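# Coordinates in review
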Amino acid sequence: MGADVSAPDSGGHKKGPGVKKQTRKDTKVDMTPMVDLGFLLITFFIFTTTMSTPKAFKLNVPDDSAKEEEQNQAKASGAFTVLLGKDNHIYYYEGQLAEDGSNFKSSNFKDIRAELLRKKANTPEKDLVIIIKPNDNSVYKNVVDMLDEMQITDIKRYAIVDIFPAEVELINATEGSSPPAAPAGGN
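Presented here is a report on the structure given in the accompanying data block. (Residues numbered from 1 in each chain as written. Predicted model: local features only at pLDDT ≥ 70, side-chain atom pairs only at ≥ 80, totals over all residues. Heavy atoms only, no water.)

Another aspect to go through is the sheet that holds strand S4 (residues 129–134). The mixed open sheet is built from five strands, whose spatial order is S3-S2-S1-S4-S5. A strand with exactly one partner marks an edge of an open sheet, and here the two such strands are strand S3 (105–108) and strand S5 (158–160). Each strand axis lies, on average, 25 degrees off the axis of its neighbour in the sheet, ignoring direction. Examined bridge by bridge, strand S1 (residues 79–84) and S4 share six bridges and lie parallel to one another. Across the sheet, residue Thr81 finds its bridge partner in S4, namely Ile131. Together, S1, strand S2 (89–94), S3 and S4 form the strand contacts of helix H3 (residues 112–122), whose direction differs from that of S1 by roughly 165 degrees. (Pairing = 2+ DSSP bridges. Helix = DSSP H or I, 4+ residues; strand = E, 2+ residues; numbered from the N terminus. Axes fitted to C-alpha atoms, helices over the stretch in contact; angles between N-to-C directions. Contact = heavy atoms within 4.5 Å.)

Moving on, we get to the packing of H3 against helix H4 (residues 140–152). Where H3 meets H4, the axes come as close as 11 Å, and the angle between the chain directions of the two elements is 45 degrees. Classified by the angle their axes make, H3 and H4 are oblique. In this structure, the crossing between H3 and H4 has a hand that is right-handed. For the pair formed by H3 and H4, the contact residues are Ile112, Arg113 and Leu116 on the first element and Met146, Glu149, Met150 and Ile152 on the second. (Parallel < 35°, antiparallel > 145°, perpendicular 65-115°, else oblique. Left-handed = near helix turned anticlockwise from the far one by under 90°.)

Most of S1 sits out of view: six of its six residues are buried. With burial as the criterion, each face of S1 is covered, one bearing Ala79, Thr81 and Leu83 and the other bearing Phe80, Val82 and Leu84. Here five bridges tie S1 to S2, and the two strands are oriented antiparallel to one another. Note that in S2 the partner of Thr81 across the bridge is Tyr93. Connecting S1 to the next strand, S2, in antiparallel fashion are four residues, including Asp87 with a positive phi near 55 degrees. (Buried < 20%, exposed > 50% of the residue type's maximum accessible area, 1.4 Å probe, protein only.)

Before going further, it helps to spend a moment on the packing of aromatic side chains. Taken as a whole and assessed by the stated rule, the structure comprises three aromatic pairs. Geometrically, the ring pair formed by Phe44 and Phe45 is edge-to-face, given 5.4 Å between the ring centres and 65 degrees between the ring planes. By relative accessible area, Phe45 is classed as partly exposed at 49%. Between Phe80 and Tyr92, the ring centres sit 5.3 Å apart and the planes meet at 20 degrees, which makes this aromatic pair stacked. Highlighted residues: Phe80 in strand S1 and Tyr92 in strand S2, separated in sequence by 12 residues. Looking at Tyr92, the relative accessible area reads 6%, which means it is buried. (Phe/Tyr/Trp six-rings, centres within 6.5 Å; stacked < 30°, edge-to-face > 60°.)

Let's shift gears to the pattern of salt bridges. Considering all chains together, one arrives at eight salt bridges under this definition. For Lys119, the salt bridge is made with Glu94, and the minimal N-O distance between the two is 3.3 Å. One end of the pair, Lys119, is in helix H3; the other, Glu94, is in strand S2, and 25 residues separate them in sequence. In this structure Lys119 comes out as buried when scored by relative accessible area, which is 4%. In this structure Glu94 comes out as partly exposed when scored by relative accessible area, which is 27%. Note that Lys141 is salt-bridged to Asp145, the shortest N-O span being 2.8 Å. A residue pair is termed a helical-turn pair when its members lie 3 or 4 positions apart in one helix, as Lys141 and Asp145 do in helix H4 at four residues. (Salt bridge = Lys/Arg side-chain N within 4 Å of Asp/Glu carboxyl O.)

Helix length check: H4, at 13 residues, gives a terminal C-alpha distance of 19 Å against a target of 18 Å (1.5 Å per residue), a fit within 8%. Next to the buried residues of H4 lie S1, S2, H3, S4 and S5. After H4 finishes, the residue Asp154 shows a positive phi value of roughly 60 degrees. (Expected span 1.5 Å × (residues − 1).)

Quick look at the environment of Val139 now. Of note, Val139 is situated in the loop between S4 and H4. C-alpha separation for the pair Val139 and Leu84, spaced 55 residues apart in sequence, amounts to 8.5 Å.

Given below as structure tokens:
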């Protein structure tokens, strides 16, 4: 009448000498690859953030409080006009262009920096204005190169404006080419 207490069935496994007992290992996740991945992602985002930072020129704009007609005026003694021609040629003159073109000079990108520095040294900073006038035959790279020269020579006041027809004629005469003929049309 008594209850028979016996060991539960071991499923056919033998217990005893010569049989190794299976040891349970704690399951641990190795976090080393995750740490490596984290550092790679941080490095990637830092690198791409510095690459995507916009690079731009600092523009010095005229004072809004000045009268509108005085904003665009420059003293003739402080003006230095740079004309951009074809084949990386530069023409320049100081002040206003003489009627006979006697102050119209030719240069290149290697020598223009020395002229800009000379003008900067001989002119008060508040009067110095560089006027950049690209010709129809000049390329965009030349305009950017002149803007670079303004940054290199630390000239604060400069402007890009349209070239006058008289200046185009001087450039064409200097380069030995004639201006394009007007289309023949008439009555």
